[in-house]
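Structural overview
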Amino acid sequence: MKKTEQVDGNIIVYDYDENLQINEICNILREDFDIKTKKNPFICELNHKTIKLFVKQITYLGNPHSLFKKRIQISRGWNKYLEDSNAFLLGIYKYKETIIYTFFDKSNFIKRNTNNSSAHVSTFDLFNASQYGIFTKKDIRGNRIICIKRENIKDFLIQIINNEDLSRKEISLFEEFKNTLKKHYCGIDCFEEMISNNYRNKFQPEWFGFFIEYKFECFLNSNHNYKSICCFQSNKSKNDIDLDLNFNNKFLGDLKTHSNNSNAILGNDFSNIKRALRDYGKLWYIVFNHNTILDREKNFEVTQFWNKKQNKKNIFSYSKKMKHSVILTDLMILEINQYNFKYTSKFNQGINSNKLRREPKIKIDKKMINNFLIYKSDF
């Protein structure tokens, strides 16, 4: 047995999993539901409906996995019974006084043999539920996970039964922004739009990231009600934290574009991240993942356009790195906080032209994404 991450109220500690017997699970459920049975499936009445709860304890995934990875083990044959619309796949997490329920997306288990199958959740997900009462997300594989603090479980189930929207307003903002974007963008078209509107970053060679920033500013200017949730702060003083999004002074964030052929997401300078965590406790990365077509595969069309628009003598300047076009695949929202920060790493950028060392950037490896991911939506 190994000490792993545990949620103890509003902190994360390292300790052994508690081992719950079926009668202990039953006792927990009995305090929160009017259950009619003493074993799986646990049957109860809620909002004038009979529901079936297929329940297992949430524990560490096991060696050699990271200490934040947890799961429930799904019993053989459950797939058949989970087809019932009023049947739910439920995990119970318990550590000391902390009890958190997790509802797993059962659709991935209905059509396959459930012998030795697992449904996964991370400490980060459970911790968010402990902080906010309820936490919902799609993981990196597209599975919907909903973690609920014990005292909110009945209200949550009624919402689920009534098909009510559980999205947070900050997440709804970016989902609506995503829906204003096209799936495919060509560099020449994006440069022309930014140039015609005299956008301040209209000639940046890494055009797609700046184009997304431009489009988000346009979106906020057309939807003023969202500015009370999030505003774009491009004009910062020398000592300000270099993150462009301000969520009503509660926390900061930044827009990122990320090519799917990269094994990690690069963020801002490490010092900026530490300052943001010190002052606000967390930050968000709004990441637009995309497939990339390089300009060298398209006769350097964008490269030549970009150089000619700036009257450069070398019309092939930046040709090795220039993107021709991108195809958006999904939107991810990542949260970095004081507890999962340790799962980031540093990306050293080398030195500047003046021989001085450049500030290292924060890096999130793809294999660690689930411990930061709070929302995922496909284009």
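Let us look at the structure shown here. (Residues numbered from 1 in each chain as written. Predicted model: local features only at pLDDT ≥ 70, side-chain atom pairs only at ≥ 80, totals over all residues. Heavy atoms only, no water.)

A closer look at the overall build of the chain
Along the backbone of the chain there are ten helices and 21 strands. When the backbone C-alpha atoms are referred to their principal axes, the chain occupies close to 80 × 40 × 40 Å. Per-residue burial over the chain gives 49% buried out of 379 residues. With 62 positive and 43 negative side-chain charges, the chain shows a spacing of 5 Å between the two charge centroids. (Helix = DSSP H or I, 4+ residues; strand = E, 2+ residues; numbered from the N terminus. Buried < 20%, exposed > 50% of the residue type's maximum accessible area, 1.4 Å probe, protein only. Lys, Arg positive; Asp, Glu negative; His and termini not counted. Charge placed at Lys NZ, Arg CZ, Asp CG, Glu CD.)

Quick word on the packing of aromatic side chains
Summed over all chains, the structure comprises 27 aromatic pairs. With 5.2 Å between their ring centres and 55 degrees between their planes, Tyr199 and Tyr214 make a pair best called tilted. Here Tyr214 lies in helix α8 (residues 207-222) and Tyr199 lies in the loop between α7 (187-196) and α8, a separation of 15 residues in the sequence. The exposure classification of Tyr199 matches that of Tyr214, with both residues buried. A network of ring pairs unites the aromatic residues Phe174, Phe177, Phe216, Phe219, Tyr226, Phe247, Phe251, Trp284 and Phe288 as a single cluster. Over the ring of Phe88 we find Lys106; its NZ or CZ atom is 5.9 Å from the centre of that ring. Lying over the aromatic face of Phe379, Lys178 brings its terminal NZ or CZ to 5.3 Å of the ring centre. (Phe/Tyr/Trp six-rings, centres within 6.5 Å; stacked < 30°, edge-to-face > 60°. Lys NZ or Arg CZ within 6 Å of the ring centre and 35° of its normal.)

Points about the layout of surface pockets
In this model, the largest pocket occupies a volume close to 1300 Å³. Along the wall of the largest pocket there are 42 residues; nearest its centre are Glu206, Lys256, Thr257, Leu266 and Lys361. Taken together, the residues that form the lining of the largest pocket break down as twelve nonpolar, 15 polar and 15 charged. One number sums up the size of the second largest pocket: a volume of about 490 Å³. Around the second largest pocket sit 27 residues that line it, and His120, Asp139, Ile140, Arg141 and Asn370 are the ones nearest its centre. Every element with two or more residues in the lining of the second largest pocket is listed here: β6 (69-74), α3 (107-110), β9 (117-122) and β11 (144-149). Among the elements that line the lining of the second largest pocket, the one with the most residues is β9, at five residues. Here the residues of the lining of the second largest pocket sort into nine nonpolar, seven polar and eleven charged. (1 Å grid on protein atoms, 1.4 Å probe; cavity = no way out; pocket = protein on both sides within 12 Å on 5 of 7 lines; lining within 4 Å. Points joined across faces, edges and corners; volume = space filled by probe spheres on them. Nonpolar A, V, L, I, M, F, W, Y, C, P; charged D, E, K, R; others polar.)

Brief notes about the side chain of Asn201
Within the secondary structure layout, Asn201 lies in the loop between α7 and α8. Residue classification places Asn201 among the buried residues on the basis of a relative accessible area of 16%. Not counting chain neighbours up to four residues away, the residues in contact with Asn201 comprise Met194, Phe210 and Glu213. (Contact = heavy atoms within 4.5 Å.)

Structural notes on empty space enclosed by the protein
In this structure the tally under the stated criterion is one cavity of 30 Å³ or more. Here the largest cavity defines a volume of roughly 40 Å³. Every residue lining the largest cavity is listed: Glu5, Ile12, Phe68, Thr123, Phe124, Phe127, Asn337, Tyr339, Asn340, Tyr343 and Asn371. The element contributing the most residues to the lining of the largest cavity is helix α4 (residues 123-132), with three residues. Grouping the amino acids of the lining of the largest cavity by side-chain chemistry returns six nonpolar, four polar and one charged.

What about the pattern of salt bridges?
Under the defined criterion, the tally for this structure stands at 18 salt bridges. Where Asp279 meets Arg278, a salt bridge forms, and the shortest distance between an N and an O atom there is 2.8 Å. The network of salt bridges with shared partners includes Glu31, Asp32 and Arg150. (Salt bridge = Lys/Arg side-chain N within 4 Å of Asp/Glu carboxyl O.)

A look at the nonpolar core
Grouped together as the largest cluster of nonpolar side chains are 67 residues, with contacts concentrated most on Phe174 and Phe216. In terms of residue count, α8 provides more of this core than any other element does, eight residues in total. In this structure, Phe174 is in contact with Phe216, Cys230, Leu245, Phe247, Leu255, Ile286, Leu331 and Ile333, ignoring residues within four places of it in sequence. Leu29, Cys44, Ile99 and Ile148 belong to the second largest nonpolar core, which has 24 residues in total. (Core = buried A, V, L, I, M, F, W, Y, C linked by side-chain atoms within 4.5 Å.)

Let's talk about the sheet that holds β9
Taken in spatial order, the three strands of this open sheet run β5-β6-β9, and their pairing is antiparallel. Where the open sheet ends on each side, the last strands, each with one partner, are β5 (59-60) and β9. Relative to β6, β5 runs antiparallel, the two sharing two bridges. What sits directly across from Tyr60, in β6, is Lys70. Sheet strands in contact with α4 are β6 and β9, and its direction is about 55 degrees off that of β9. (Pairing = 2+ DSSP bridges. Axes fitted to C-alpha atoms, helices over the stretch in contact; angles between N-to-C directions.)

Thoughts on α4
Summarising burial for α4: eight of the ten residues are buried, a large majority. Along α4, the positions that sit buried rather than exposed are Thr123, Phe124, Asp125, Leu126, Phe127, Asn128, Ala129 and Ser130. At the C-terminal side of α4, Gly133 shows a positive phi close to 95 degrees.

Functional significance is not addressed by these values, which are geometric in nature.
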